[in-house]
Amino acid sequence: MNKKDIADIKKQFKINNDLLKIKDIFNVYIMKESSEIYHHQSTPFEMLEQEQQELFLTNFKKVLTGQLDQKLFELKFQQDVEDSSQLILHQGLLTNDTEEWKAQMLQLVEKMLKDKQYEMDIVVTFIHGEYLKPSKRSNAETEESSRDMVYSNPFILCSINKTLDPKKELLFDYVEKEFKYHFVVDPVINLKAPVGGFLFPSFTDSAANVNRVLYSASKPYELDYHFIEEVLNADEAMTAEDDKIVFEEIVKDVAGDQMNTSTLANVYDEIHRVVEENEEPDAPKLDYRDVEKVLTSSGVQDVDPEKVESAFKKVIDDEKYELKATSIVPKYTSRSIKIKTKVADISVCPQDLRYVRQMHLDGKLCLMIEVEENTMIEGFEMIPEIVFNKAEEEE
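No experiment lies behind these values; they were computed from the predicted model shown.

To continue, consider the nonpolar core. Ranked by internal contacts, the top residues of the largest apolar core, which has 35 residues, are Val-124, Phe-126, Phe-198 and Tyr-215. Top element by residues in this core is helix α4 (residues 98-113). It accounts for seven residues. Aside from chain neighbours lying at most four places away, what touches Phe-126 is Asp-24, Ile-25, Phe-26, Trp-101, Met-105, Leu-108, Val-109, Leu-157, Cys-158 and Phe-198. The next biggest cluster of nonpolar side chains, apart from the first, holds 30 residues, and it includes Ala-265, Val-308, Phe-312 and Ala-325.

On the surface, Leu-170, Phe-172, Tyr-174 and Phe-179 cluster together into a nonpolar patch covering about 550 Å² of accessible area. Tracing the backbone shows Phe-172 in strand β6 (residues 168-173). A residue is classified by how much of its surface remains accessible, and Phe-172, at 39% relative accessible area, is partly exposed.

All right, on to the packing of aromatic side chains then. With the rule as written, the count across this model stands at 13 aromatic pairs. Here Phe-13 and Phe-155 contribute two aromatic rings whose centre-to-centre distance is 6.1 Å and whose plane-to-plane angle is 80°, an arrangement assigned as edge-to-face. With Phe-13 in the loop between α1 (3-10) and β1 (20-31) and Phe-155 in strand β5 (residues 150-164), this pair connects stretches of sequence that are 142 residues apart. On the accessibility criterion, Phe-13 (2% relative accessible area) is buried. The exposure class assigned to Phe-155 is buried, which follows from its relative accessible area of 1%. Here Phe-26 and Trp-101 contribute two aromatic rings whose centre-to-centre distance is 6.1 Å and whose plane-to-plane angle is 55°, an arrangement assigned as tilted. Residue Phe-26 is found in strand β1, and its partner Trp-101 is found in helix α4; the two are separated by 75 residues along the sequence. The exposure class assigned to Phe-26 is buried, which follows from its relative accessible area of 0%.

Per the domain assignment, the segments making up the protein chain are domain 1 (3-135 + 149-231) and domain 2 (240-328). Here domain 1 and domain 2 have C-alpha centroids that lie 37 Å from each other.

Looking along the chain, the bond that leaves Phe-200 and enters Pro-201 is cis, with omega of -5°. With respect to the helices and strands, the residue Pro-201 is situated in the loop between β9 (196-200) and β10 (202-204). Its identity as a non-glycine residue notwithstanding, Asn-16 has a phi of 60°, on the positive side. Along the chain, Asn-16 turns up in the loop between α1 and β1. A residue is classified by how much of its surface remains accessible, and Asn-16, at 72% relative accessible area, is exposed. In the Ramachandran plot, Asp-83 falls in the positive-phi region, its phi being about 55° despite a non-glycine side chain. Within the secondary structure layout, Asp-83 lies in the loop between β3 (72-76) and α3 (85-94).

This paragraph deals with the packing of helix α8 (residues 288-297) against helix α9 (residues 305-316). Contact geometry of α8 with α9 gives a least axis separation of 9 Å together with a crossing angle of 125°. As judged from the angle between their axes, α8 and α9 are oblique. Seen from above, α8 lies across α9 with right-handed handedness. When α8 is examined against α9, the residues Tyr-288, Val-291 and Glu-292 are found in contact with a partner set consisting of Pro-305, Val-308, Glu-309 and Phe-312.

Below, the discussion takes up the environment of Glu-99. By secondary structure assignment, the location of Glu-99 is in helix α4. On the accessibility criterion, Glu-99 (53% relative accessible area) is exposed. In the structure, Glu-99 is positioned 38 residues away from Lys-61 in sequence and 26 Å away in space, judged by C-alpha atoms.

Direction vectors running N to C along α3 and α4 enclose 155°, while the axes themselves pass 9 Å from each other. Of the possible angle classes, the one that applies to α3 and α4 is roughly antiparallel. The interaxial crossing formed by α3 with α4 has left-handed handedness. The segment α3 lies against α4, with Ser-85, Ile-88, Leu-89, Gln-91 and Gly-92 engaging Trp-101, Gln-104, Met-105, Gln-107, Leu-108 and Lys-111.

Looking now at α8. For α8, the complete set of buried residues consists of Tyr-288, Val-291, Glu-292, Val-294 and Leu-295. Buried residues in α8, looked at end-on, bunch into an arc of 165°, giving them a common side. Across from the buried face of α8, at angles greater than 90 degrees, the exposed residues are Lys-293 and Ser-297. In this structure, the buried side of α8 is in contact with α6 (240-255), α7 (261-277), β13 (285-286), α9 and β14 (323-324).

Moving on to α4. With 16 residues, α4 extends 23 Å from end C-alpha to end C-alpha; this agrees with the ideal 22 Å at 1.5 Å per step. Within α4, the full set of buried residues consists of Trp-101, Lys-102, Gln-104, Met-105, Leu-106, Leu-108, Val-109, Lys-111, Met-112 and Leu-113. Looking at where α4 begins, the residue whose side-chain oxygen comes 3.0 Å from the main-chain nitrogen of Glu-99 is Asp-97. Asp-115 lies just past α4 and shows a positive phi near 55°.

Attention now goes to the pairing of β1. When β1 meets strand β4 (residues 122-134), the two strands line up antiparallel, connected through 10 bridges. Across the sheet, Leu-20 pairs through a bridge with Tyr-131, a residue of β4. The loop that links β1 with its antiparallel partner strand β2 (residues 36-44) comprises four residues; one of these, Ser-35, has a positive phi angle of about 50°.

Thresholds applied
- All residue numbers refer to position in the chain's written sequence, counted from 1.
- With pLDDT at 70 or above as the cut-off, local features in this predicted model cover only qualifying residues; side-chain atom pairs require 80 or more to be listed or tallied, and sums for whole chains, interfaces and linings still use all residues.
- With hydrogens and water stripped out, all remaining heavy atoms of the structure feed into the side-chain values.
- Residues belong to a common nonpolar core when they are buried Ala, Val, Leu, Ile, Met, Phe, Trp, Tyr or Cys residues joined through side-chain atoms within 4.5 Å.
- Buried, partly exposed and exposed residues are distinguished by accessible area as a fraction of the type maximum, computed with a 1.4 Å probe on protein chains only: under 20%, between the cut-offs, and over 50%, respectively.
- Only DSSP runs of H or I covering at least 4 residues are called helices, and only runs of E covering at least 2 are called strands; the numbering of each starts at the N terminus.
- Contacts are assigned to residue pairs that have any heavy atoms within 4.5 Å of one another.
- Residues forming no salt bridge and having over 30% relative accessible area are the ones grouped into patches, like charges within 9 Å of each other and nonpolar side chains (Val, Leu, Ile, Met, Phe, Trp, Tyr) within 5 Å.
- Method for areas: the Shrake-Rupley scheme with a 1.4 Å probe, in which residue coverage is limited to the protein chains shown.
- A carboxyl oxygen of Asp or Glu within 4 Å of a side-chain nitrogen of Lys or Arg is what we treat as a salt bridge.
- Paired rings are identified among Phe, Tyr and Trp, the last through its six-membered ring, by centres lying within 6.5 Å, and are further divided according to the angle between planes into stacked (under 30 degrees), edge-to-face (over 60) and tilted (the rest).
- Delimitation of the domains relies on an automatic or database domain assignment.
- Angles here are taken between N-to-C directions and fall from 0 to 180 degrees, while the axes themselves are lines fitted to C-alpha atoms, restricted in helices to the stretch in contact.
- Relative orientations are named as follows: roughly parallel for angles under 35 degrees, roughly antiparallel for angles over 145 degrees, roughly perpendicular for angles from 65 to 115 degrees, and oblique for any other angle.
- Each crossing is labelled by how the near helix is turned from the far one, with a counterclockwise turn of less than a right angle marking it left-handed and a clockwise turn marking it right-handed.
- This arc is taken over the directions from the axis of the helix to the C-beta atoms.
- Here, expected helix span is obtained from the residue count minus one, scaled by 1.5 Å.
- For the purposes of these results, a polar contact is taken to be a pair of N or O atoms within 3.5 Å, where, inside protein, one atom must be able to donate a hydrogen and its partner to accept one; residues adjacent in sequence count only when each atom of the pair is a side-chain atom.
- What makes two strands pair is DSSP finding at least two bridges between them.

As structure tokens, then:
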């Protein structure tokens, strides 16, 4: 899935949308003390009051909110797994029997509870529905509607939400003119900040892929690996941060751990060019051959495909691994590169990194920044200084 695929589904979650049909909503309450199911309840979604529907639809959109490879991850199911979640979900996707669907979702919940102790009561919510996508735009000349032909996309979405402790409050009773202690016993389900979830199947340009699932983490880079591997039975995810670290280690193995800022800026320029020239909706990926071309074009010496291939195998134990270009280059137009020193911290754009240099001046290690105009500090204009000592004249 790419950003457009996710956005297409996400925008369907709104009230009175005839392109979205949610059959049932199934809520399962899990107690933290016993890690057991305390209660579960299935309801036709259309039977909920509109305010309740809006709460849940907002919650479902939050599950699908976030950057790919940071908070959202398209995962591939593991093969030859006993009691496969892929099979459970696929069967749940095909059935029209509510009781059968509930039984299948409870199988997934049982997997969540196995060897897992939650820190708070949680509520797991499943919905079984479909969204309809018009196959083409409306034609005003022929009065042909875009709704005449649609793609039907059945799906299962899961949202995991924690509960909040009841509030203890002091109230003032205007009628009795007295202060009263107020305590609500019922826990509040926090639908504003889901702590996880998934969408099955994944979609690419309206085509379903039952071999993959879209996993949603609670926060960027905070993945629940127990949920990924033991509940979804999916392969471990590589985050954008992981890809960046792998790339850095590969470059260090090939070119050494020292590099001047001009060369590093060239590397980022080359990767950014690859991203900009990509015409596909998915982010471009770099294999060892592509990395070799990037490093060579950037001015790194003594680079060849065999050397880079060996570095891939050494760092990630997979010479055929492909790095997402958007993951390994810092945000190009923002000051995403942080340079920290004992004296000061500065931030620069990748494209401006070449204007920063580390140099030895008068026996001292200095960080120099090339500027095009005089610098202002606290309202004062800095005076340019001569940093080189004049050589003593020979007597």
